[in-house]
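Residues per chain are reported as follows:
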Amino acid sequence: MVKMSEENGSAADVHEVHEAPEAPVDPHPETFSMPLAAEDEEGELPADFERLWKAAHDNPQDFTSWTDLLQYCEQESHVTASRRALEAFLVRYPLCYGYWKKYADLERRAGYNDKAEEVCIQGLQVIPLSVDLWIHYINLLLGTLDMNLPESPVRIRRVFEDAVQAAGLDFHSDRLWDLYIEWEKEQGNMKNATAVVDRVLKVPTQLYNTHYEKFKEQLNSQEPKEILPPEEYEELRASCRQSQKAERAEQAQEEEAERPPGEEEPEELMQKIREQVLLRRDKVYQDNEGEVRKRWHFEDAIKRPYFHVKPLDRLQLRAWHSYLDWEIAQLSSDTKESKPGEDAAVARDDYRVRILFERCLIACALYEEFWTRYTQYLELQSVDEARAVFKRACEVHLTYKPNIHMHWATFEERHGDLTEARRVLEALEKTLPGLAVVRLRRAALERRAGQLDQSEALLREAVAESKEKPTLHAFYSIKLARLLLKLGRNPSRARRVLQEALEISPDNDKLHMNLLELEVSGDPWASAEAVQECVTRALAAPLTPDTKILFSQRGLQFAEDYSNSIQSVLSVYDEHQKLLQELGGTKRGAENGDEDPEKLIKSDDGSAVAVSGTAPPTMPHVPITTPPPPVMGADMSAQTGYGGYSNWYQQPQYGSYGYQNTWNYNQGYYPPS
């Protein structure tokens, strides 16, 4: 019986896998669940199982903890423990082909052949492009089915067809094609074997030439009638006999008549048929060889085509991007040059692009950039297909990476599914609790949907939950206050939020500044007293000397710009000078008028004011220091840099997951072009 080793010719260890966009079993299941475990009668779990199990579950992103657990279970030869560990591991690392094989072998050795088949099918649903797993599944069937039953060969052939449909376009799929061809020969179906050869001759694979050479040997060792489809054989036989007649036109017709009835076709005729058979296939072979040659240097640059948690180097990432660029360019070129009736060729090229993406997403499964690129490619053709890729990425492979989840939520919002966008962000927040950017995205989504009350509720909830973290509490309070002021048109509620936040964080200069700007942006006649109260509060707070001077300058500028009394201006000025003497001393000469008088700034009303200032009318030789005011209506949190707030966009505690790319706030709205 034909049986092929899964290890023969493999370039990977137990982690090697392959993947494709289509398969006879659902290649992208909506939910990933393991087969029901078979019952066994084993007693207690091994002594160290619970300790290793807890270590793996306490840190599920630690691949070594899982392999330690699996190795221990295997050494103990404990079926229940091994099954439990393998099920949990493969939920988190479904691309590890070697462990699907181990799981199937475990069930088979325990006598559960049906369960072993279920495990293989489950694995192929996740990684339908795995040549190794298909071969393992087929060998399992060949070893367990009764081939004397008429339905068994039918089932095996159906699985072979599923396999080549799903994984046959992989550049390293030669072993699968060889196994199929040899099995058909073993069954005595030489014509079926030739049909399979004709298919693989059109597929650019690593060992493309070996298939043709084997076919030549077979053709020369057997009668063409035995291996060719009847239609092709009869067509070639008639053509070759007609050619022979033309060549022998000068000979006497009686020579032809002398051959006794029933005599076999002359060997000369058979040789001509063989020549025509190869002549027909030579063109296909040469075209396919050209396709292989185009891809060879791309394939040669890929050193790790299988999944592993270890990061890939930049050269490997660049190699995948270059290969994808080229394959997509081929499709674009063929699409532009295609003529009516050539849609099949374009569809073939599109399928090759998808196969390459799926291969890439095995080796690069932990890199958001490739998943995002694949969704961009699919979105132009099918929103549902792009959504399925987002689902695979976020729910299976990139659970703890926020960027791809942000892209998914943006994708759903862009296509009008606000419910799904909300669900994606809520699920992400449960996975990564406390990540500020997620809460801000949720609030922004509700705001864009016209649900200001819900947006406010989300921010208020964040404010309430962060009281034990003053910096984060201040951050959310500022965001909430700006929502109430700018969109809610309710300065009193915004003021209350900032004042309550200052009770918790009186040393937070961002809170003081935003409260000051809230008052400054109001009616200058009605808010004069409130502005001075803000300045007084800031000066009494435990702020740095430079910050206090900044607030004093801001209050002085407001008085100079809007006060209707020269006495009030002079009073504020005197207080500012006292502050400079107390906090700045002689070091602050520049702020007392030593700056270049030609340097100008813009005041609130747009007029130019000298930095060194113009003294009040009664004090012509004493300079006034007025700093450039912030732009009214601008986000003060952005102007002041937010200091430590940027840390909340990617919190340190998530750095242990080994993400290759740093998170920044703007990445999640739109995928990179």
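An unreviewed UniProt entry annotates the chain as Pre-mRNA-processing factor 39-like originating from Sparus aurata.

## Points about the overall build of the chain
Of regular secondary structure, the chain possesses 29 helices and two strands. Within the chain, the proportion of its 673 residues that are buried is 48%. For the chain, the proportion of contacts with a sequence separation of at least 24, taken over those separated by at least 6, is 67%. When the accessible surface of the chain is summed, it comes to about 32,800 Å², and 50% of that surface belongs to carbon and sulfur atoms.

## So, the side chain of H308
Position of H308 among the secondary structure elements: in the loop between α14 (267–301) and α15 (314–337). Relative accessible area serves as the criterion here: at 14%, H308 is assigned to the buried category. In terms of polar contacts, H308 uses its side chain to reach the backbone amide nitrogen of K310, at 3.1 Å.

## Section: the packing of aromatic side chains
Throughout the structure, instances matching the rule amount to 21 aromatic pairs. Residues F49 and W53 carry aromatic rings whose centres are separated by 5.6 Å and whose planes lie at 25° to one another, so their mutual orientation is stacked. With F49 and W53 both in helix α1 (residues 49–58) and four residues apart, this pair spans about one turn of that helix. Taken individually, F49 and W53 each receive the classification buried, so the pair is uniform in this respect. When the centroid spacing of 5.0 Å and the interplanar angle of 10° are considered together, the rings of F298 and Y323 count as stacked. Of the two residues, F298 is situated in helix α14 and Y323 in helix α15; the sequence distance between them amounts to 25 residues. For the pair F298 and Y323, a shared accessibility class is recorded, and that class is buried. Taken together, the ring pairs connect F63, W66, F89, Y93, Y99 and F307 into an aromatic cluster. When the ring centre of Y367 is taken as reference, the NZ or CZ atom of K401 above it lies at 5.8 Å.

## Comments concerning unusual backbone geometry
Backbone phi values are negative for most residues with the exception of glycine, while trans is the configuration of most peptide bonds. With a phi close to 55°, S77 is a non-glycine residue in the positive phi region. Within the secondary structure, S77 is located in the loop between α2 (63–76) and α3 (79–92). Take S77: its relative accessible area is 60%, and that puts it in the exposed class.

## Here's the deal with helix α6 (residues 131–144)
Helix length check: α6 (14 residues) gives 20 Å between terminal C-alpha atoms against 20 Å at 1.5 Å per residue, within 8%. Counting buried positions over the 14 residues of α6 gives twelve, a clear majority of the element. Here α6 has its buried residues at V131, D132, L133, W134, I135, H136, Y137, I138, N139, L140, L141 and L142. For α6, the elements touching its buried residues are α4 (97–109), α5 (113–126), α7 (151–167) and α8 (174–186).

Parameters and conventions
- Once a new chain begins, its residue numbering starts again from 1 and follows that chain's sequence as written.
- Owing to the predicted nature of the model, reporting of local features is limited to residues with pLDDT of at least 70; listing and counting of side-chain atom pairs is limited to 80 or more, with chain, interface and lining totals taken over all residues.
- With hydrogens and water excluded, all non-hydrogen atoms of the structure serve as input to the side-chain values.
- Counting from the N terminus, the helices are DSSP H or I runs at least four residues long and the strands are E runs at least two residues long.
- Throughout this description, buried means an accessible area under 20% of the type-specific maximum (1.4 Å probe, protein chains only), exposed means over 50%, and partly exposed covers the range between.
- Contact between two residues is taken to exist if any of their heavy atoms lie within 4.5 Å; hydrogens are not considered.
- What sets the accessible areas is the Shrake-Rupley method with a 1.4 Å probe; for residues, cover comes only from the shown protein chains.
- Contacts described as polar in this section are N or O atom pairs within 3.5 Å, which, within protein, must combine one atom able to donate a hydrogen with one able to accept it, while residues neighboring in sequence count only if both atoms come from side chains.
- Each Phe, Tyr or Trp ring (for Trp, its six-membered ring) is paired with any other whose centre lies within 6.5 Å, and the angle between the two planes then decides the class: stacked below 30 degrees, edge-to-face above 60, tilted in between.
- Comment: the charge-over-ring label is applied if NZ (Lys) or CZ (Arg) is within 6 Å of the ring centre and within 35 degrees of the ring normal.
- The span expected for a helix works out to 1.5 Å for each residue beyond the first.

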